[in-house]
Each structure stands twice: as structure tokens, then as C-alpha cells.
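What the coordinates show
Below, each chain spelled out in residue letters.
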Amino acid sequence: MSSASSTTTGAAKPSSTRANPANKWEAAADWTDGRLGIYSLAKANLRKIFPDHWSFMLGEICLYTFVIIILTGVYLTLFFKPSMAEVVYNGSYVPLKGIGMSEAYASTVDISFEIRGGLLIRQIHHWAALVFVAAMLVHMMRVFFTGAFRKPREINWVFGFLLLVLGMFDGFFGYSLPDDLLSGTGIRFMEGAILAVPLVGTYIQMFLFGGEFPGHDIVPRFFTIHVLLIPGIMLGLLVAHLILVFYHKHTQWAGPGKTEKNVVGMPLMPVYMAKAGGFFFLVFGIIAAISAIATINPIWAYGPYRPDQVSTDAQPDWYMGFSEGLIRVMPGWEISLWGHTLNLGVFIPLMIFPLVLVAIAVYPFIEGWITGDKREHHILDRPRNAPVRTALGAAWISLYLVLLIGGGNDLFATHFHLSLNSITYFVRTGFFVVPVITFIVTKRWCLGLQRRDKEKVLHGRETGVIKRLPHGEYVEVHAQLPQKDLHTLTAHEQNQPIELPAQADENGVARKAGALTRTRAKLSRGFYGEGSQIPKPTAEEHHEITSGHGHH
Amino acid sequence: MKKLSARRRHPLAALVVLLLALAATGGLYAAFAPADKAQADVAAQSLAIDEGKRLFAVGCSSCHGINGQGSSEGPSLVGVGSAAVDFQVGTGRMPAQQPGAQVPRKPKIYTQGEIDQLAAYISSLGPGPIAPKPEQYNSTNPDDISKGGELFRTNCAQCHNFAGQGGALTKGKYAPSLEGVDAKHIYEAMQTGPQNMPSFPDSTMPEEQKKQIVAFVRHTTNDEPNPGGLTLGSLGPVTEGLFGWIFGLGTLIAVAIWVAAHTTKAKKS
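Because the structure is predicted, anything quoted here is derived from the model rather than measured.

Here's the deal with the overall build of chain A
Within chain A, the secondary structure is distributed over 21 helices and eight strands. Principal-axis analysis of the C-alpha atoms places the extent of chain A at approximately 90 × 80 × 65 Å. When the 552 residues of chain A are sorted by exposure, 38% land in the buried category. Long-range pairs, those at least 24 residues apart, make up 71% of the contacts in chain A with a sequence separation of at least 6.

This is the structure we're talking about:
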């Protein structure tokens, strides 16, 4: 590092006034430092330590796919015409010859067939978008199940959640832009949802579309939102997200030598610079390879949008699939009052849609309130050691998956030879039942794994060596775990349920706990009480067993 | 000519002219009249009807009734026409294997000759849509593909999907995939509206438009190499999402695991 070879004239002076830079590179660095202060930035950050685990690279996948989306998106804007003016196609794709369509659609077909590399770039853009949102969801699940959202990272959790939601919507707007039959159907779906909002729905619809559907405004408006507004907000949130990661430092798994006050791992420079840089190219390469192999969004096959046409298999991209599921399985209830119709069949799903997302977003704050834990946490939980949290997360995922099945009910029907109606009834029931079953199963599963850990700590691992004792009994020899594993398996803390304050204060005056306090105590018992965790083995227990007579 | 002309006033001239005229008329009539052919056709037709009736009695009558009048197991076939027979038997749907939500397409078990005989028998029960001739469904105009595409998206895609891949209907019924279906059978399906499909008679959809739709379906399901690579079934975003999760994110996570597993090792002192 250059700072090692440089000389400083005095502590009080800024570092840029060093005498006699050794060469022109050092001079240039000095010049920059005098204006941007890069030396102190580099000193603080270049040797920043990051722990090594594959699950910590999920966020990197998000970052890199986001970069890929921006790069390819810029290329696409060079050729895309966000206009709904009518043109007649006369390009090279025979099945569309002579058909009237919007300029947006025509230019997207041209990008696919006339522009050099256009189709590949389009497919990279779209595949990267699918993987981007998928990676964000998996990244969020990693953070959730390891408890990495705990203090001090709650705000960063919210930033990440906003990125996910914005990513979903930006994906939807992008899907809507080419004005093909599929995207037009998607916009129509959205229009229907807006119209279902009581009182203001029709006004919002008229404002958004500049008149009746489809009008001439929606594609140019969505274009601005898709390429400017949402990516701009996302870029800001992304930077904030990364700054906070640096500021908080990265979490790490429990292990010998790892504490709440240190980070054990490799330095950013040179190890992670190389790894992360290399990983970017791997991500880009894999996405490009997939885009070269498999079609995505074949708009030429969908045909141009016309309000009187529709194709089956009209689904949104997967990240909006759960909203599609909500609509598809909801009974078509309607209430007519004083000449107005309240379309509950659409309005209720429209209200559940944000609730599904918010449920996971607010979880850190709920858990923080229940535990009352104000300490910082930098050591991750193994999911089994937080059974209720893990079970809640699994229940949320199961709900999400049930709704995805609802969104793709027609394809499940045709490909598994099932009745569409039965799938719909299953999803309606499953919406309420499956998360509960998942919760119970997952919680018990976690407890089982905790018991297994306890067993392993106290009795060691099975060696597979069978010994016959002099009196004829057969036993399997167990080997003690190494010290390091013993530490890892017992490093987690076990919260205790909070106690209600005494019924009477020191003067004997009755003190009734408020409803909120009682709820909290009840929830706390549910999270950490008996039956929600297996007491971890203590050093005494271990000592007693290992010092005595063999292993049983 | 002089000789002939000199005898034109001969007493028998009129008779000769009359005889010649009769001979010419009779000869021409004999040459052009379809009398013999018609007779042969009727014979062949009645033979086909007889053969068809025999085939029908063996293969179809248990459900459709001994005279095609229908039963609790199958509908009446009076007036369904030769097009319906050619479609149902030619695509292997009939004879049906088992009752169910919908009778699936399967390898046909009758030869085209036998199918024609069955069709002849069924058409003899009552008039109905007639199986089309090749010039009715084989398009030669390249513009028909795009016109057919527009018609297909308006009339067919809501069930059969934008690329003719089929789709789900209620209670286990479905719109079948149009891949590998003969042009004639596509045409006949539109004429007759088999199973859950609505029919598109010439009064609502002229022959020309049916031909264009056939041209589009044949083009989009068979001839076209997909410009973007694997089609993933041409089933829209659901299969794309599945593919993206498994092969996109799946591969990336596998690579992440590989990268994380190959790290610099601290020097052992």
C-alpha cells in the first residue's frame, strides 16, 4: 500500500502535502486525495473484514443483476419508442406483416429482429430482472432466518424490503411497456384493480390513463416510471443499503474466536475485491448464457395488444404471481349500493396483497418488541435455535407458495391433469390452513434438531464402531466432538420469556398489567417458553457425562 | 360440296339431316352425360354407407345407438356431418377409451378409408358440415399467416394460448394443444366445434378466414424456428419464472457456494 512507503511531514498537516511524490502515479493520488480525501477513505475501508459464507453472497447476486439490468436497459432505451401511436408493421417477421400496432410494440419487435444483438440484450435484461427479484427474496429470507435483522440492522432491513417492493413494481412496469398482448392484459388487470377501489378508483384510473382504457398515455408514463423514477429511488436506497452494511459491519456465524465485538474473515482488499469482482463476471456470464439459450417474453408470438383480444396463460412475471393467485381464487363477490358497485372480488385481494408483504416487513419490530432486547447482535442465529421465528418465516413462505399455485392454476391443471376448480378450492382452503400446518411442522422440526444438537454435545457423534462387551451386550462407540464444535453448537443464547410485573407493588397496592403488557408476556411465552425451545446443554452436564462411566 | 349442295332439295334430305342431328346430339349426350358415372358413384356411395354402417355397428353403436340415434353414453350423430366424423375418428378421439371430463386425442385406430366409410354412413343419417377439400384448408398466400394470426388471437387464443399450446378449462376440461394437428382437422374443428369448443360455421367465420387461421396455426406450431432459443413450452411467464428460479438463481447460488468454498488460506506458521 502506498501509505506504507510515503512520508508524512507532520500529524497536523493534511496528507496531501507530502513532499516529493515518488512517481507520477503517487502525484496523481496525492492530487486526488487533496480534493476527495481518498487516503483516509481507503485506510478505513480497504482492509475492511468480511466473513466468508456462501449465503452472504446472495446480496451480491442482487447487486450484480441490478447493474446488468441498468446496463442492458440503457441499450434498450436507445431503440425503444415509448409511444402508442398506431403504425403498420412491415418488418422481417412474417406472421406480423401488415398488422396494425403501437410504435412501442413495433419498436420492441424491431429490437428483437432488426437491431444487432437486440434480442439477446432484451433477454438478458428480462432474465436478469427475474433473477434479481428472486435473489432479493432469497437474500431477505437468509437475513430473516438467521436473525440478521436484529439491532442495529432494522433500518437496513426496511431499506432492503423497499428495494424488493420497488423491484417488483419496476419489473411489472417493464413488463407492461412493449404493449404486446400479454403486457396489455397486465395493464388491463391493473386498471381493473384500480377501478375496484371504492370512491376514488374511477378518478385514479382516469388520471393515470388520461382517459378511458387504453388511451395513448399509459406507455409513455410507465416508461418514465420504469426507466427514471423507480430506478432512481432504487439506486439511492441501494447506496444507503451498502453504506449501512459497511457501517454496521457484516454479521457472522457463531464459532470459536467469533464474538459480538469482532468480525472474523478476509479483508476487502485484495481478497474480496478479487472474489466480488470475479463473481460479478460469473453472474453476468451465467445470465448471458441463459439468455442465449432460453426465450423470455416472446412478444412477437404474443402479437400486438388489442383490447378485444386475450390469450390464456396470461400471467404476470413470477414476483407478481401471488397477487394473480389472490385474484384468481377470490370468489367474485359484489355489493351493489345506491347504484354503485363495490367489487369485493377484486378489492379484497387488492388489500391482502400489501398485507402479505408488510407482514414480513414489520416482523423485526414485532420480535424486538416481544423480546425487549435492546442489545446489538452481530452473531447470527442458526434457524433451529429460533424455532418460532423460523416457523413463522416458513409459514409466510408456504402462504406465498400457495398463492403462486393459485396464480398458475391453469398450468397446474393442464400439466398435472387436475381440475381447475379443485385447485382453486385447494388454494382457498390452503390460504388459511397450509401456513398453520407449516408453522407447527417447522417448529417441531427445529425442536427436533435442537434435541439432536444437545445429544451430540453430550454424547458425541456415532462412530459406527460396534463393540461387544464381556457380558455380551453390544454398544456403539460414540466419539466426543472437538472443542470447536462444542462451542459452535452451544454458542447461541436462549431468551427467557418476560415476566409480568408483580400483581401488587411493594406497598400491597394492586397493579393491573395493561392488555398490551399481558399480550406481550403471552407472546414472549409462546416464543421462548417451555415447548418452544430445548434447554441447551450446560458445561456441568457435559462434564458429568464425559467424566464418568463411558457414554450411556 | 357441290354434290351435297345439288342434293339439298332431295326428298330424303330432311330425313338425313334429322338423322345426322339426332346422331350428333345423342353422341354428344353419350360423350358428356354423367349418367354412367353417376350411377357408379351412387353404387360406390351406397357401398360405402353399407361398409360404414357395419363399422359403426361394431365400433360405435354401443354408445351412439345402433342407428346413431344416441344413448345415455353418447350423443346422437344425426346431422353431425362427415366433418365431425373425420375430425373425431381421424384424431383418434373416437372411439373413446373411457368416460371422463374430456376425450383426449390419441393415435387413430381406423384407416382413412374406413373413416370415409363411417363418414358416409353418418352423413346419410342427416345433412351436416361436410369434410373440407385440400384447397379449402391449404393456403398458398403468405399474407394468410399474419391475417390468420390476428383472427387466431381474437377467436382462439383465449383457450388455445397465443402459440396454440392449449390451456385449461373448468373441471378437468381443456383446450388441447394444436401442435402436430393436421390442417384438415383444425379446419373441421372450427366447422363442427367438438367437445367444449364453440363452432365457427361459414356464416360466422367465412371459409377464407378459417383457411387463414389454419395457415397461422400450422406456421406457429410447426414451421417456425424460435428466434429466442428454447421456447420453454410457449406457456408464458409461469414457466419462465420456474426456469429463472431453477436454472438462473440455482446456478448462481451453486457458483456462490463454489466461490465461497475456494478462499485464500491463512498462512500456517
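Focus on the overall build of chain B
Within chain B, the secondary structure is distributed over 12 helices and two strands. If you list the helices and strands of chain B from N to C, you get α-α-α-α-α-α-α-α-α-β-β-α-α-α. The C-alpha atoms of chain B give 31 Å as radius of gyration, which overshoots the globular expectation for 269 residues (18 Å, by more than 25%). Counting all 269 residues of chain B, 37% fall into the buried class. Restricting the contact set of chain B to residue pairs at least 6 apart, pairs at least 24 apart contribute 66%.

Examining the interface of chain A and chain B
At the junction of the two partners, chain A supplies 61 residues and chain B supplies 53 residues. Elements represented by at least two residues in the side of chain A that touches chain B include exactly helix 5 (103–113), helix 6 (118–145), helix 8 (181–195), helix 11 (268–293), helix 12 (299–302), helix 17 (409–415) and helix 18 (420–459) of chain A. The dominant element in the side of chain A that touches chain B, judged by the number of residues it contributes, is helix 11 of chain A, at 10 residues. Taken together, the residues of the side of chain A that touches chain B break down into 39 nonpolar, 15 polar and seven charged.

Looking at the domain arrangement of chain A
Annotation of chain A at the domain level lists domain 1 (2–45) and domain 2 (58–311). Centre-to-centre separation of domain 1 of chain A and domain 2 of chain A, based on C-alpha positions: 41 Å.

Overview of the UniProt feature "domain: Cytochrome b/b6 N-terminal region profile" (unreviewed entry) in chain A
Per the UniProt record, "domain: Cytochrome b/b6 N-terminal region profile" (unreviewed entry) is annotated on residues 28–254 of chain A. Note that residues 28–254 of chain A is 68% helix and 4% strand, and that its end C-alpha atoms are spaced 44 Å apart.

Notes on the domain arrangement of chain B
All names here are of chain B. Split into domains, chain B comes out as domain 1 (42–125) and domain 2 (134–223). A straight line from the C-alpha centre of domain 1 to that of domain 2 covers 23 Å. Contacts between the two partners involve 13 residues from domain 1, matched on the other side by 12 residues from domain 2. Each residue belonging to the side of domain 1 that touches domain 2 can be placed in one class, and the counts come to six nonpolar, five polar and two charged.

Things to note about the nonpolar core
Among the nonpolar cores identified, the biggest contains 154 residues, and Ile61(A), Ala128(A), Val131(A), Phe132(A), Ala135(A), Met136(A) and Ile287(A) are the most heavily contacted of them. When residues of this core are assigned to their parent elements, the largest contribution, 17 residues, is made by helix 6 of chain A. Sequence-distant contacts of Val131(A), defined by excluding residues within four places in its chain, comprise Thr65(A), Ile287(A), Gly244(B), Gly248(B), Leu249(B) and Leu252(B).

Remarks on the UniProt feature "transmembrane region" (unreviewed entry) in chain B
UniProt marks residues 242–261 of chain B with the feature "transmembrane region" (unreviewed entry), using the numbering shown here. Along residues 242–261 of chain B, the helical share is 100% and the strand share 0%, with 27 Å between the first and last C-alpha atoms.

Remarks on the pairing of strand 7 (residues 461–468) of chain A
All names here are of chain A. In terms of burial, strand 7 is largely open, as just zero of its eight residues are buried. In terms of strand pairing, strand 7 meets strand 8 (residues 474–479) through five bridges, oriented antiparallel. Bridge pairing in strand 8 links Arg-461 to Ala-479. Connecting strand 7 to the next strand, strand 8, in antiparallel fashion are five residues, including Gly-472 with a positive phi near 105°.

Overview of the packing of helix 5 (residues 81–90) of chain B against helix 6 (residues 112–125) of chain B
Residues and elements named next belong to chain B. Contact geometry of helix 5 with helix 6 gives a least axis separation of 8 Å together with a crossing angle of 145°. Of the two elements, helix 5 crosses helix 6, and the hand of that crossing is right-handed. Touching Gly-81, Ser-82, Val-85, Asp-86, Val-89 and Gly-90 of helix 5 are Ile-115, Leu-118, Ala-119, Ile-122 and Ser-123, all from helix 6. The class makeup of the residues in the contact of helix 5 with helix 6 is six nonpolar, four polar and one charged.

A closer look at helix 8 of chain A
Over its 15 residues, helix 8 of chain A runs 21 Å from end to end, which matches the ideal 21 Å to within 8%, given 1.5 Å per residue. By the burial criterion, the buried members of helix 8 of chain A are Leu181(A), Leu182(A), Ser183(A), Gly184(A), Thr185(A), Gly186(A), Ile187(A), Phe189(A), Met190(A) and Ile194(A). At its buried positions, helix 8 of chain A is contacted by helix 7 (154–176), helix 9 (201–209), helix 10 (218–248) and helix 12 of chain A together with helix 8 (143–155) of chain B.

Reading guide: rules and limits
- Residues numbered from 1 in each chain as written.
- Chains lettered and ligands numbered in written order.
- Predicted model: local features only at pLDDT ≥ 70, side-chain atom pairs only at ≥ 80, totals over all residues.
- Helix = DSSP H or I, 4+ residues; strand = E, 2+ residues; numbered from the N terminus.
- Buried ≥ 20, exposed ≤ 12 C-beta atoms within 10 Å, placed from the backbone.
- Contact = placed C-beta atoms within 7 Å.
- Rg over C-alpha atoms; globule rule 2.2 N^0.38 Å.
- Nonpolar A, V, L, I, M, F, W, Y, C, P; charged D, E, K, R; others polar.
- Domains from an automatic or database assignment.
- UniProt positions renumbered as here; feature names shortened; annotations may be inferred.
- Core = buried A, V, L, I, M, F, W, Y, C linked by C-beta atoms within 7 Å.
- Pairing = 2+ DSSP bridges.
- Axes fitted to C-alpha atoms, helices over the stretch in contact; angles between N-to-C directions.
- Left-handed = near helix turned anticlockwise from the far one by under 90°.
- Expected span 1.5 Å × (residues − 1).

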